[in-house]
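Chain residues, written in single-letter form:
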Amino acid sequence: MTGPERREIEQKWQQRWQDDRIFAVDLAKADHKFYHLNMFPYPSGNLHVGHWYNFAVSDIAARAVRRQDKTVFNPMGFDAFGLPAENAAIKHGLDPAAWTEQNISSMRTQLQSTGASFDWSKEIATCRPDYYRWTQWMFLFMYQHGLTEKREAPVNWCPKDQTILANEQVVGGKCERCGSEVILKKLPQWVFKITDYAERLLKDVDALDWPEKTKTMQRNWIGRSEGAYVEFSLADTPDTRLKVFTTRVDTLYGVTYLVVAPEHSLTPKLTAEGHTEAVEAYVESASHKSELERTELQKQKTGVFSGSYAIHPLTAEKLPIWIADYVLATVGTGAVMGVPAHDERDWEFAKKHDLLIVAVIHPATGEVNANQVVTEPGKLINSAEFSGQTSEEAKQTIVAKLKELGLGQPAVTYRLRDWVVSRQRYWGAPIPIVYCGTCDTVPVPAAELPVLLPTDVDFKPTGESPLARSESFSHTTCPRCGNAARRETDTLDTFVDSSWYFFRFLSPDNTAAFTDQALAKKWLPVDLYIGGAEHSVLHLLYARFFTKVLYDHDLSPVSEPFQKLRHQGTILGPDNQKMSKSKGNVVDPDALVAEHGADVVRSYLAFMGPYNQGGPWHQGGLVGVERFFNRVERLVIESAAASSEVGDSAGRERHSVIKKVTEEIAELRFNTALAALMAWANNLEKRGASREDQEALTSLLNPFAPHLTEELWQHLGHEPYLALAAWPEFDNSLTVEDRVIVVVQINGRLRGSFETQRQQSEAALIRQARQIEAIQHYLTGEPKKTIVVPDKLINFVI
Ligand code: ANZ
Ligand code: ZN
């Protein structure tokens, strides 16, 4: 077939699949559920090769599983809120909703052109009121359960986009979207208290079938630290205590100063007369720095003395209190005890500001050296009654002592921060809160949802949400007392939308609840979740958090949403660089489909390399796949079936290929599965294909080339649809991998060999060896001894 011919049959089959709704699942009736889910795309309006790699190639797995006695639910939808629509509105005066819907419809067409077996009857888009009504409901749910609150929070602020960014949206101190330097700004924000779930989010990572690297990233992101809180009384006002978090309480006798973050709530109080000006200037300058800039090890450790002192809890020494930005307000307690002899940052800081350095740990290896920081644990010195103890011991004994004095306790802290969900943007779900002069903060009653996005807005970014400038939106009445009130004008972070979408696919039209509990019980968790490794922390952590919260209130049957996760690799351009518009190495899938057909494009992508690695795009590869398809067409259509199984009387190779392809697809090793089919087709062309070979080849190729194989299947006299036909079976005892060559020796010398099935008993092997003529010649009587190495060797000693 030529490319255009392929295109024609592809359109025909796609239409038939659609008309007969063969991939639409009756979720209530289905048996043997398999929830196959791809991370849903942002509707940019243009499906690129990366999307194809995700959706069309993972469809191979979905199609194979569907034919293996499972009901596969493979839904698709759109993560449709977000900045690009708003930018289009700002730049070109377009309506974000209309712009987005238009993109959705062109992307849906493109997605259908891949031949992927999606159930389009369950499509969702997060920007539609029937969806975001429930996103708002989720916010109220968090509110009811004390998991959201509005608080002053230092937030990452992008001066160009005029918006708050989540930590994850700050990459190397810069805005993920526009690259501007991000600054810290304190603003009242709605936050979700994801830190309440830190311990469980960490613990439950262990049991997930996820890539190890992703599990490690989740653990590091949560960043559990075990240590202690230590309290230092202020010298002038002993009732006020400065609390620090340390992982090295064993170094307590080495503390020579304390540091608080510039944003620390005690900073103004600590600032002594005569120091105000310097401190204020310092606090101001720190606010312009990104977290990364502040904490870089190489960076100069700046700081100012506050003018006040604290008292060491065990030695009662006076310790100067400094203000320095290498201490972060959002980590631990926002204050640290400075131990320059044993901490690198403290060492740098003490050197720069001429502070005392006192060594209190004798390293396990080497000597105490006054010119060097010793960060490894060891034995305590200069530590009163604790001297001589190991670091490990002292961590226990010193905390016990502090506890006795009421000046400390063991503590666990997390790097994970609460999730700031407010955005000062238009194109998101409005936060369903009303502010009333009498009743204060009032949640919108669930029955009044959705709080609809207004259309009379001015999109120009000012730092304030565009919703604030919509009169019709911001003025409302209080749901509680009926007085004039004001609406919250921030919208929700789009990660909120995608934290629960896998529930919605199960019941997309539900107007009574966010999902159907019976269906959730039946269908969750997602059996296979596929998406990019760039979502290793953000989306995946938030979705886990949501699921746990819902689970705790009996609204989710599972506490983990995605039992098995796999990432697809990256497609590189022909120049071995990551495909991107800016590099000019982008391959346009639509043009390729028009020229070669979708089957060729999907199969080539599957063939390029291991799915979790991806690989470079070589245009020539498409031709290779086309040649292979032509061979298959010749084998099935043009050549009459060989009457018997020529040269392979038991169909041994066929059984082996079925086994191989089945197993490789199950492990998402599409490339090796396809390679096995190609090699087999070559052999068949040489020796002729039996009817069984023709059927198996067509059937096994189906997930890769779903259109071509429907055509061939029909040619072989079957009714459609191959997409729903039973997967071919294999007889394990007939597979080549199951066969071994056993060598036979007489007195250690090779005298013969035979091919047989693996894993047979010693007696069975000996019997077969004795049937070999040459062996019979040597072995006239009973051997003195028989040595058998199963599957390998028999040695008769005579
Ligand atoms: C004294 C000390 C002595 C420390 C020593 C380390 C080594 P992890 O393990 O990453 O959690 N720290 C605490 N709060 C901080 C903040 N807000 N900003 C910057 N640094 C902070 O790190 C915990 C350690 O990081 C704590 O233990 C504290 O320094 C510092 F030989 O306390 B340590
Ligand atoms: Zn009121």
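Residues numbered from 1 in each chain as written. Chains lettered and ligands numbered in written order. Predicted model: local features only at pLDDT ≥ 70, side-chain atom pairs only at ≥ 80, totals over all residues. Heavy atoms only, no water.

Novice: Describe the overall build of the protein, naming the residues involved and giving the relevant values.
Specialist: Each helix and strand in the protein was counted, giving 26 helices and 31 strands. A burial count over the protein gives 54% of its 798 residues as buried. Counting only contacts in the protein whose residues sit at least 6 apart along the sequence, the fraction spanning at least 24 positions is 71%. On the protein, roughly 33,900 Å² of surface is accessible, and the fraction owed to carbon and sulfur atoms is 50%. The centroid of the 86 positive side-chain charges in the protein is displaced by 3 Å from the centroid of its 102 negative side-chain charges. (Helix = DSSP H or I, 4+ residues; strand = E, 2+ residues; numbered from the N terminus. Buried < 20%, exposed > 50% of the residue type's maximum accessible area, 1.4 Å probe, protein only. Contact = heavy atoms within 4.5 Å. Areas by Shrake-Rupley, 256 points an atom, 1.4 Å probe, with all protein chains shown as cover. Lys, Arg positive; Asp, Glu negative; His and termini not counted. Charge placed at Lys NZ, Arg CZ, Asp CG, Glu CD.)

Novice: Residue-level account of the nonpolar core, with values.
Specialist: The biggest cluster of nonpolar side chains holds 163 residues, and the ones touching the most others in it are Trp617 and Leu677. The leading source of residues in this core is helix H2 (residues 49-66), at eleven residues. Contacts of Leu677, omitting those with residues within four sequence positions, involve Phe628, Val657, Val661, Leu697, Leu700, Leu701 and Phe704. Listed in part, the 43 residues of the second largest apolar core include Ala228, Val279, Tyr282 and Tyr326. (Core = buried A, V, L, I, M, F, W, Y, C linked by side-chain atoms within 4.5 Å.)

Novice: Run through the pattern of salt bridges, naming residues and quoting values.
Specialist: Under the criterion given, the structure shown has 41 salt bridges. Between Arg128 and Glu101 there is a salt bridge whose closest N-O contact spans 2.8 Å. Pair noted here: Arg128 is in the loop between helix H4 (96-113) and helix H5 (129-144) and Glu101 is in helix H4, with a separation of 27 residues, a long-range link. The class of Glu101 is partly exposed, set by a relative accessible area of 31%. Where Arg669 meets Glu664, a salt bridge forms, and the shortest distance between an N and an O atom there is 3.0 Å. (Salt bridge = Lys/Arg side-chain N within 4 Å of Asp/Glu carboxyl O.)

Novice: Give me the lowdown on the coordination of the zinc ion (ligand 2), citing residues and values where you can.
Specialist: Geometry sets the ideal angles at a metal, namely 109.5 degrees for four tetrahedral donors and 90 or 180 degrees for six octahedral donors. Protein coordination at the zinc ion (ligand 2): the donors are Cys436 (SG), Cys439 (SG), Cys478 (SG) and Cys481 (SG), at 2.2 to 2.4 Å from the metal. Geometry at the zinc ion (ligand 2) is tetrahedral, judged from the four donor atoms that bind it and their angles of 103 to 116° at the metal. Look at where the donors of the zinc ion (ligand 2) fall in the sequence and you get C-x2-C-x38-C-x2-C. Taken as a pair, Cys439 in the loop between strand S19 (433-436) and strand S20 (440-443) and Cys481 in the loop between strand S21 (475-477) and strand S22 (484-487) lie far apart in primary sequence, 42 residues in all. A residue is classified by how much of its surface remains accessible, and Cys481, at 34% relative accessible area, is partly exposed. (Donors = N, O, S within 2.8 Å, 3.2 Å for Na, K, Ca; no water. Tetrahedral: all angles 85-135°; square planar, octahedral: opposite > 155°, others 65-115°.)

Novice: A description of the packing of H5 against helix H17 (residues 538-552) should follow, citing residues and the corresponding values.
Specialist: Between H5 and H17, whose axes approach to 12 Å, the crossing angle comes to 60°. Viewed along their axes, H5 and H17 adopt a mutual orientation that is oblique. Taken as a pair, H5 and H17 cross one another with a handedness that is left-handed. Together, Met138, Phe141 and Met142 of H5 and Phe545, Phe546, Val549 and Leu550 of H17 make up the contact between the two elements. Taken together, the residues that form the contact of H5 with H17 break down as seven nonpolar, no polar and no charged. (Axes fitted to C-alpha atoms, helices over the stretch in contact; angles between N-to-C directions. Parallel < 35°, antiparallel > 145°, perpendicular 65-115°, else oblique. Left-handed = near helix turned anticlockwise from the far one by under 90°. Nonpolar A, V, L, I, M, F, W, Y, C, P; charged D, E, K, R; others polar.)

Novice: Account for the sheet that holds S20, with residues named and values stated.
Specialist: Strands belonging to one sheet form pairs held by backbone hydrogen bonds; the direction of such a pair is parallel or antiparallel. With antiparallel pairing, the four strands of this open sheet are ordered in space as S20-S19-S22-S21. The open sheet is flanked by S20 and S21, the only strands paired with a single partner. Between one strand axis and the next, the sheet turns by 40° as a mean value, whatever way the strands run. (Pairing = 2+ DSSP bridges.)

Novice: Before we move on, can you summarise the layout of surface pockets with the specific residues and values?
Specialist: Approximately 1,200 Å³ is the volume attributed to the second largest pocket. Contributing to the lining of the second largest pocket are 41 residues, with Thr295, Tyr326, Leu328, Val331 and Arg345 lying nearest its centre. Looking at the lining of the second largest pocket, the elements with two or more residues in it are strand S5 (170-171), strand S9 (241-246), helix H10 (291-295), strand S13 (335-338), helix H11 (344-353) and strand S16 (408-414). The class makeup of the residues in the lining of the second largest pocket is 16 nonpolar, 18 polar and seven charged. (1 Å grid on protein atoms, 1.4 Å probe; cavity = no way out; pocket = protein on both sides within 12 Å on 5 of 7 lines; lining within 4 Å. Points joined across faces, edges and corners; volume = space filled by probe spheres on them.)

Novice: Describe the side chain of Gln568, listing the residues and the values that go with them.
Specialist: Position of Gln568 relative to the elements: it lies in the loop between strand S25 (565-567) and strand S26 (570-572). Judged by its relative accessible area of 13%, Gln568 is buried. A polar contact of 3.4 Å, which involves the side chain of Gln568, links it to the backbone nitrogen of Gly532. (Polar contact = N/O pair within 3.5 Å; in protein donor to acceptor, adjacent residues only side chain to side chain.)

Novice: Give a detailed account of the sheet that holds strand S2 (residues 71-73), specifying residues and quantitative values.
Specialist: Strands sit in the order S2-S1-S24-S25 across an open sheet of four strands; the sheet is parallel. Because the sheet does not close on itself, it has two edges, and the strands there are S2 and S25. Within the sheet, the average angular offset between the axes of one strand and its neighbour, ignoring direction, is 20°. Relative to S25, strand S24 (residues 528-531) is paired through three bridges, and the arrangement is parallel. In the sheet register, Gly531 faces S25, and the bridge partner there is His567.

Novice: Can you lay out unusual backbone geometry for me, pointing to particular residues and giving the numbers?
Specialist: With an omega of 0°, the peptide bond running from Leu524 to Pro525 counts as cis. For the peptide bond that leads from Pro720 to Tyr721, omega is 10°, which places it in the cis range. You can see Tyr721 is positioned in the loop between helix H24 (706-715) and strand S28 (739-746). Positive phi, close to 65°, is recorded for Ala316, a residue that is not glycine. When you line up the elements, Ala316 lands in the loop between strand S11 (304-311) and strand S12 (318-323). What makes Ala316 exposed here is its relative accessible area of 51%. With phi around 70°, Asn576 is a residue other than glycine that occupies positive phi space.

Novice: Help me get a handle on the side chain of Ser306, residues and values and all.
Specialist: With respect to the element layout, Ser306 can be found in strand S11. For Ser306, a relative accessible area of 0% corresponds to the buried category. In terms of polar contacts, Ser306 uses its side chain to reach the backbone carbonyl oxygen of Ile321, at 2.8 Å. In contact with Ser306, other than residues within four places in its own chain, are Leu270, Thr271, Ala272, His275, Val279, Ile321, Trp322 and Ile323.

Novice: I'd like to hear about helix H19 (residues 598-607), residue by residue, with values.
Specialist: Along H19, nine of the ten residues are buried, which leaves the element largely enclosed by surrounding structure. Residues of H19 that are buried: Ala598, Asp599, Val600, Val601, Arg602, Ser603, Tyr604, Leu605 and Ala606.

Novice: Can you break down the site of ligand 1 residue by residue, with the values?
Specialist: If you check the shell around ligand 1, you find 16 residues, and the closest are Ser225, Thr246, Leu328, Val331 and His342. Here an oxygen atom of ligand 1 and a side-chain polar atom of Ser225 are 2.3 Å apart. Taking Thr247, its main chain carries an N or O atom lying 3.0 Å from an oxygen atom of ligand 1. Contact with the protein chains hides 76% of the accessible area of ligand 1, taken as 640 Å² for the molecule alone. Given that more than half its atoms are within 2 Å of the pocket grid, ligand 1 belongs to the second largest pocket. Of the residues contributing to the shell around ligand 1, the split by class is eight nonpolar, six polar and two charged. (Near = heavy atom within 4 Å. Sits in = over half its atoms within 2 Å of the grid points.)

Novice: Break down the packing of aromatic side chains for me, citing the residues and quoting the values.
Specialist: According to the stated counting rule, one finds 44 aromatic pairs in the structure shown. Ring centres of Phe139 and Trp190 lie 5.3 Å apart, and the angle between their planes is 80°; this geometry places the pair in the edge-to-face category. Of the two residues, Phe139 is situated in helix H5 and Trp190 in strand S7 (residues 183-192); the sequence distance between them amounts to 51 residues. Judged on exposure class, the residue Phe139 and its partner Trp190 are both buried. Seen from their ring centres, Phe139 and Phe192 are 6.0 Å apart, and the 40° between their planes marks the pair as tilted. Of the two residues, Phe139 sits in helix H5 while Phe192 sits in strand S7, which places them 53 residues apart along the sequence. The burial state of Phe139 is the same as that of Phe192; both residues are buried. Across the ring face of Tyr309, the terminal group of Lys318 is positioned such that the distance to the ring centre comes to 4.7 Å. The ring of Trp221 has Arg415 lying over it, and the distance from NZ or CZ to the ring centre is 4.6 Å. (Phe/Tyr/Trp six-rings, centres within 6.5 Å; stacked < 30°, edge-to-face > 60°. Lys NZ or Arg CZ within 6 Å of the ring centre and 35° of its normal.)

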